[in-house]
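Residues per chain are reported as follows:
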Amino acid sequence: MYRNTPDIIREKLAIVKEELIRRQIPVEIEAAAEYYCDEHFEKEIEAQTLLTFGTKKYVLFEISFAQENVNLGRAIFNMRLAGYTPILAHPERYEFWHGDFRKYESMLDKDVHLQLNINSLTGQYGPDTRRISERLIDRGMITFLGSDCHHMGHVQLMNTARTHPYIKKLIDSGNLLNAEL
Ligand SMILES: [Fe+2]
């Protein structure tokens with residue numbers, strides 16, 4: 001849906017990096033993408049042209065919010081085969097999985113990392129999403145924490161989440177791999 005080619009992404013990254021230097025903000029940033037699990041994604045897996053991050057060729061991908069994509073299992077298998085390490089974006093937001101916790105366990109069985117949105121803990125996406133987020137943290141299943149930040153409203157909300165007990169629990173768990181990237 002969004003025409004974000006690797007060239008466009010790299011071009012914008014360079015602009016942001018320049019701005020950070022200009023404003024003397026000492027933060028290191030890199031860019032990759034959040035891929036939607038469709039046919040085009042599968043072609044990119046095959047062609048090995050995905051944007052990755054970290055030393056383990058991490059690939060962040062998401063599925064439909066309406067129903068499980070039919071190609072999910074195949075896409076995961078092919079990612080692993082191609083040497084990528086898949087990370088499923090915001091698993092807590094797929095409501096069709098809320099009633100079947102085994103779906104989350106099956107992702108771990110397939111060596112897929114789970115990335116939680118910080119704001120899911122604030123109730124921003126509803127009480128069910130919040131509950132499943134807490135359960136995923138309780139079970140030690142979350143290995144990446146993300147902002148999914150689209151606008152300043154999300155930034156403000158994240159500010160309120162900073163002191164959330166489950167954020168603390170997740171950080172204290174030692175399961176997070178963010179710092180290793
Ligand atoms: Fe997403």
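Basis of the calculations
Residues numbered from 1 in each chain as written. Predicted model: local features only at pLDDT ≥ 70, side-chain atom pairs only at ≥ 80, totals over all residues. Heavy atoms only, no water. Buried < 20%, exposed > 50% of the residue type's maximum accessible area, 1.4 Å probe, protein only. Helix = DSSP H or I, 4+ residues; strand = E, 2+ residues; numbered from the N terminus. Arc of directions from axis to C-beta. Contact = heavy atoms within 4.5 Å. Salt bridge = Lys/Arg side-chain N within 4 Å of Asp/Glu carboxyl O. Domains from an automatic or database assignment. Donors = N, O, S within 2.8 Å, 3.2 Å for Na, K, Ca; no water.

*Asks:* Would you explain helix 3 (residues 72-81) in this entry?
*Replies:* Helical geometry: 3.6 residues make up each α-helical turn, so side chains three or four residues apart lie on a common side. Of all the positions in helix 3, only Leu72, Ala75, Ile76 and Met79 are classed as buried. What you see down the axis of helix 3 is that its buried residues fit within an arc of 100°, all on one side. When the buried face of helix 3 is taken as reference, the exposed residues oriented beyond 90 degrees from it are Arg74, Phe77 and Leu81. Of the surrounding secondary structure, the elements contacted by the buried residues of helix 3 are helix 2 (39-47), strand 2 (58-62), strand 3 (85-89) and helix 4 (102-109). At the exit of helix 3 stands glycine 83, carrying a positive phi of roughly 90°.

*Asks:* What am I meant to see in the pattern of salt bridges here?
*Replies:* Counted according to the given criterion, the structure contains 12 salt bridges. The partner of lysine 17 in a salt bridge is glutamate 30, with the nearest N and O atoms 3.5 Å apart. Note that lysine 17 is positioned in helix 1 (residues 6-22) and glutamate 30 in the loop between helix 1 and strand 1 (34-36), a separation of 13 residues in sequence. Taking relative accessible area as the criterion, lysine 17 reaches 32% and is therefore assigned partly exposed. Residue glutamate 30 is classed as exposed on the basis of its relative accessible area of 61%. Residues joined in a network through salt bridges with shared partners are Glu19, Arg22 and Arg23.

*Asks:* What exactly am I supposed to notice about the environment of leucine 114 here?
*Replies:* Mapped onto the elements of the fold, leucine 114 is located in strand 4 (residues 113-117). The spatial distance from the C-alpha of leucine 114 to the C-alpha of proline 165 is 19 Å, given a sequence separation of 51 residues. Dropping the residues within four chain positions of it, leucine 114 is found in contact with Leu88, Pro91, Tyr104, Met107, Leu108, Leu136, Met141, Ile142, Thr143 and Phe144.

*Asks:* Please explain the domain arrangement of the protein as it appears in this structure.
*Replies:* Put simply, an interface is often sized by how much accessible area is lost when its parts join up. What the domain assignment lists for the protein is domain 1 (1-31) and domain 2 (33-180). The C-alpha centroid of domain 2 is placed 22 Å from the C-alpha centroid of domain 1.

*Asks:* Whenever I open this one, the coordination of the iron ion confuses me. Can you help?
*Replies:* A four-donor tetrahedral metal ideally has 109.5 degree angles, and a six-donor octahedral metal ideally has angles of 90 or 180 degrees. Taken together, the protein ligands of the iron ion are Glu34 (OE), Glu62 (OE) and His90 (NE2), with distances of 2.1 to 2.2 Å. Expressed as a motif, the donor residue spacing for the iron ion is E-x27-E-x27-H. Here glutamate 34 is found in strand 1, whereas its partner glutamate 62 is found in strand 2, with 28 residues between them in sequence. When its relative accessible area of 34% is taken as the criterion, glutamate 34 is described as partly exposed.

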